[in-house]
Amino acid sequence: MTILRISLLSLIYICSGLTLQAARIPDAHNFTKGRLSNGLTYFIQQNSNPEKKTELRLVVNAGSALEEDSQRGLAHFLEHMAFSGTRDFPGKLLIDTLQSIGVSFGKELNAYTSFDETVYYLPIPSDHLSLGMQILANWAFYLTLTEESIDRERGVILEEMRLGKGSRTRLQEQYMPVLFKGSPYAYQFPIGTQEVIQNFQPEELRKFYKKWYSPQNMAVIIVGDIHPEEAEKKLRQYMCQDMPNKATKFERPAYYPEKQKGGTVVIATDPEKRNCSVEVCYKHPAKRIRTTKAYKEFLIDKLYASLLTDRLEALKDSSSIYFSDADIAYSPHFRFIDTYSLFATCDPKDVLPVLDLLVKEKERAKIFGFLPSELERHKQKLQAKYQRWYNERSKTASDHFADNYQVSFLLDQPEPGIQWEYEFIRDNLAHISAKDIQKAAYRYSSVSDYVITIVGPEETDFEYPTTDQLLSFTESTTKPGIKPYQEEEGIKSLMTVIPAKGTIVKEEFIDSLNLIKWNLSNGLNVILLKTDYKDNEILFRSTAEGGYSNVAETDIMSAVNATRIQDESGVNGLTNLQLKQLMTGKDLAITQSISFYHESMWGRSAPSDLTSLFQLIHLYHVSPYFKENAFLKLIRKDKLTYSYLKQTPESCFNYYVDSIMNQGDFRKSPWPLPECLDQVDLKKSASIYESRFGNCAGFTFIFVGNIPEDKIRDLTETYLCSLPVDPAAKPGYKAPQTDKALPEAHYFRKGKEDKATVKVRFVKPGVKKEAESENFTAFVDILNNRLFSVLRLEMSGIYGVHVSGKTPDTMLPYYSLNLDFGCDPARAEILLERMNQEISQLWKDGPTQDEVERYKEKSRIGLQSAQRSNANSLSMIFKAVRNKQLPATFNTLLSRIEEITPESIQKNAAAFLNPQEGISFIHLPE
């Protein structure tokens, strides 16, 4: 059981006064859990969100931690082989078969391997459940593992390994052996070793498969729009007969690092690293949440982390020592290890003072505990979250249920469902005292086995602290100067004066789209779409033309960061911390941005919190807050965060590509380089924000979800009709330009790792036409499948290829096609040549009928799934508003899909692409 999300059903638990008995947590009644005669575990649940879809998973309780030295990387290699040939689906027939019914490899059909498990994902149309179960059985028991397919996949794995080379991997290889010494987690990374991947004998892979892909070590999860009895029947049909891997009696080993007496220090450095992180990690045996007592401890863990997070946020504002991304929390780490960690990122020279701050904050919690007002606020936040999940329990997506059952199997925990969890919290949260949480703080750091990890740059103008210095900060039992925590006085309301109402001067109902459109007395527009997709969700977006396209180049960075400074500061004179306290227990969020051609807001709210959302929308327009301390904190954080941008080979290459594609126009790609961040001016940012949001001319506000129409009408008249509007004074935007870089090859050399990155860019001016756009989208998808098939499956030259495209819109009138892959530097040219051949062939001859039918089936299913989604509906309306048109209906979108043919794609190809105009970028090592 986990809180990834939710399930259903209730239970009777035992409470005696304030003492919670250790009663066993039950499983919910809304799913079936069982075990076949061969030992395989299964979970089955009927759930119609999304309709006509079923989430299938094969969960294997085996990962890289179980490998022998001669098998390093073979758990992950097996995962790849599941898509490279099985008894019933030889070669690439499995991928082709699934694509023919609309299931895409990578996006939906996927898998992962970790230290502890391997999981295969197969979301499938419900009317193909038999096919899905056949595939799961083939993965579990019938991988062919031929020498030919194994040798072909070696190249793919080596390319995946090559992609992972870099600063992060080099640093992990330094600190993981110290942090988890004596366990496989120290060095048995899932990707394995190059020596093993290149040289292992096929029999080693078959040996691992036979041993660990045993029925008693696996689970099948079936959640979706199915009949449970029929699903169980098919499960038994495919997973019970003639199993080659018999259920053998063995115990899945548990791994725990060697116990150290006292603290250990590791300092990991790398030449590409620029900022620094400091962490104190106390290691604990992992908890299992099987009883009501354990569940109460789980809630205490969550409350403790939430309380300390708020304190650290306040400390970041008040402290003269700068740090960011700070965290003090108890949490799961690996299958058998939990950790209590003190963590922060900082400037390398501030390691000792930041460590001192973290330890003092931990000690403050131990010595003085937490204030009743703090605890009550965080209880409200926790209860509101569970209330939200409980209210939406009938509309929870299938993949979230599958997540829960996956964890239930792997950790051998019950899955009680959201109703039990909600009722438990409702009846027991009040009994968790500040003393309970204070005691937990003692427990977390009382163990003597801990590691201090410093991760930072290799070359510095100072020396890192010594082991003795670092240990002295954590081993000292007394910390002078620690005082009880004090809170700022709470704020009671967002607004003290309610604005004068305006009116809705025109109302229009667009029947074909079920949209309501209002024209307001101040000239603004509102669009409403009332849905029943989720009971507790209203999503919001607003947009207007403007942006920073016409801002002076010296002010670009001030414009780009204007909304970020406002977000960090608060609103209406309230700090962020005061705002968070005021919004405790409410389900809402709001933010805003200024892009090249637009200014926008977006947010969400529960229907019960709609008034607060409208007040915040109003205040973000008329009463922004630009606090100097928040500004300085943001710039300091960005300088640390983005200090790598001109250091790592990857970021330097991306910067180079952007510069070429944008013809050196900084305003089109304003990177947050340290010297650019120095250009940000607080007063200029406030002025630009005011010019874009303070004058609301041109804004359209869109609301989608479970809208209470009478309430939102009143809120609109109060908070939107009262916004200031002056069309004559609103700054315009700079007309878009379609200049493009010349088609040629660019070579870039940086870095020591033996890897290359290839990027190809196509840009062609165009005007948005629906027929061309639909055919372009199909062209991009089919090209992606072809390149994957050729470059990976046929040539074993890449791990993956990313193909994306963009169609023209009002502000950016051009088609763009982007292609990216990583590879061996020695093969970069030949792979690029083959890519260009495939592009030219598809452009010249068009796709096959089979390719088109696969694309159309996937699009039909995707359209059907997206139909009942507030987020998708909002996105469609938002894009239509920006293009000054109405969104298309479901039937219109479906008819556009049906009109696509091989001939239409080939006929329209010249409108969006010229194969001779590709711009190639090749990143090679020095």
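The shown structure was predicted, so the numbers you read here are calculated from the model rather than taken from an experiment.

## A short note on the sheet that holds strand 13 (residues 449–457)
Phase 1 of the analysis: Sheet architecture is open: five strands sit in the order 9-13-10-12-11, paired in mixed fashion. Looking along the sheet, the strands with just one partner apiece sit at the ends: strand 9 (262–270) and strand 11 (323–334). With strand direction ignored, the average angle separating the axes of adjacent strands in the sheet is 15°.
Phase 2 of the analysis: By the bridge criterion, six bridges tie strand 10 (residues 276–285) to strand 13 in an arrangement that is antiparallel. Looking at strand 13, one finds that Tyr282 is bridged to Tyr450.

## Side note on a positive patch on the surface
Phase 1 of the analysis: A contiguous patch of positive charge on the surface is contributed by Lys293, Lys435, Lys439 and Arg443.
Phase 2 of the analysis: Sorting elements by how many residues they give to the positive patch places helix 14 (residues 434–445) first, with three residues.
Phase 3 of the analysis: Here Arg443 is to be found in helix 14.
Phase 4 of the analysis: For Arg443, a relative accessible area of 40% corresponds to the partly exposed category.

## Regarding the sheet that holds strand 24 (residues 756–765)
Phase 1 of the analysis: What the five strands build is an open sheet, ordered 23-27-24-26-25; its pairing is mixed. Strands with a single pairing partner mark the edges of an open sheet, and in this sheet they are strand 23 (745–749) and strand 25 (801–806). Ignoring strand direction, the axes of neighbouring strands in this sheet form an average angle of 15°.
Phase 2 of the analysis: Relative to strand 27 (residues 919–924), strand 23 runs parallel, the two sharing five bridges. Among the inter-strand pairings, Ala745 is bridged to a residue of strand 27, identified as Ser920.

## With respect to the confidence of the model for the chain
Phase 1 of the analysis: Put simply, the chain has an average pLDDT of 91, and 96% of its residues get 70 or more.
Phase 2 of the analysis: With pLDDT under 50 throughout, residues 1–20 is counted as low confidence; its partners more than four residues away or in other chains account for 79 contacts.

## Focus on empty space enclosed by the protein
Phase 1 of the analysis: The tally for this structure, following the rule as stated, stands at eight cavities of 30 Å³ or more.
Phase 2 of the analysis: Counted as a void, the largest cavity has a volume near 80 Å³.
Phase 3 of the analysis: The wall of the largest cavity is formed by Gly166, Glu272, Pro649, Glu650, Lys750, Gly751, Lys752, Glu753, Lys755, His923, Leu924 and Pro925.
Phase 4 of the analysis: Among the secondary structure elements, those contributing two or more residues to the lining of the largest cavity are helix 21 (649–661) and strand 27.
Phase 5 of the analysis: Classifying every residue of the lining of the largest cavity gives three nonpolar, three polar and six charged.

## Examining the pairing of strand 15 (residues 515–520)
Phase 1 of the analysis: As paired elements, strand 14 (residues 504–510) and strand 15 share six bridges and run antiparallel to each other. Across the sheet, the residue bridging to Lys506 is Asn519, located in strand 15.
Phase 2 of the analysis: Turn length for the strand 14-strand 15 hairpin, with the two strands adjacent in sequence and antiparallel, is four residues, and the turn residue Asn514 shows positive phi of about 60°.
Phase 3 of the analysis: Where strand 15 lies against strand 16 (residues 525–530), five bridges are found, and the strand directions are antiparallel. By the bridge assignment for strand 16, Lys517 is matched with Ile527.

## Some words on the packing of aromatic side chains
Phase 1 of the analysis: Enumeration over the complete set of coordinates arrives at 48 aromatic pairs.
Phase 2 of the analysis: Aromatic pair Tyr282 and Tyr450: ring centres 5.2 Å apart, planes at 35°, arrangement tilted. Of this pair, Tyr282 sits in strand 10 while Tyr450 sits in strand 13, and the two are 168 residues apart along the sequence. By the burial criterion, Tyr282 is buried, and Tyr450 matches it.
Phase 3 of the analysis: Of the aromatic side chains, those joined through ring pairs into one cluster are Phe540, Phe614, Phe626, Tyr689, Phe693, Phe699, Phe701 and Phe703.
Phase 4 of the analysis: Note that Arg87 overlies the ring of Tyr142, its terminal NZ or CZ placed 3.8 Å from the centroid.
Phase 5 of the analysis: Positioned above the aromatic ring of Phe200, the side-chain terminus of Arg154 is 4.3 Å from the ring centre.

What counts, and where the lines are drawn
- Residues numbered from 1 in each chain as written.
- Predicted model: local features only at pLDDT ≥ 70, side-chain atom pairs only at ≥ 80, totals over all residues.
- Heavy atoms only, no water.
- Pairing = 2+ DSSP bridges.
- Helix = DSSP H or I, 4+ residues; strand = E, 2+ residues; numbered from the N terminus.
- Axes fitted to C-alpha atoms, helices over the stretch in contact; angles between N-to-C directions.
- Patch = residues over 30% accessible without salt bridge, like charges linked within 9 Å, V, L, I, M, F, W, Y side chains within 5 Å.
- Areas by Shrake-Rupley, 256 points an atom, 1.4 Å probe, with all protein chains shown as cover.
- Salt bridge = Lys/Arg side-chain N within 4 Å of Asp/Glu carboxyl O.
- Lys, Arg positive; Asp, Glu negative; His and termini not counted.
- Charge placed at Lys NZ, Arg CZ, Asp CG, Glu CD.
- Buried < 20%, exposed > 50% of the residue type's maximum accessible area, 1.4 Å probe, protein only.
- pLDDT = per-residue confidence, 0-100.
- Contact = heavy atoms within 4.5 Å.
- 1 Å grid on protein atoms, 1.4 Å probe; cavity = no way out; pocket = protein on both sides within 12 Å on 5 of 7 lines; lining within 4 Å.
- Points joined across faces, edges and corners; volume = space filled by probe spheres on them.
- Nonpolar A, V, L, I, M, F, W, Y, C, P; charged D, E, K, R; others polar.
- Phe/Tyr/Trp six-rings, centres within 6.5 Å; stacked < 30°, edge-to-face > 60°.
- Lys NZ or Arg CZ within 6 Å of the ring centre and 35° of its normal.

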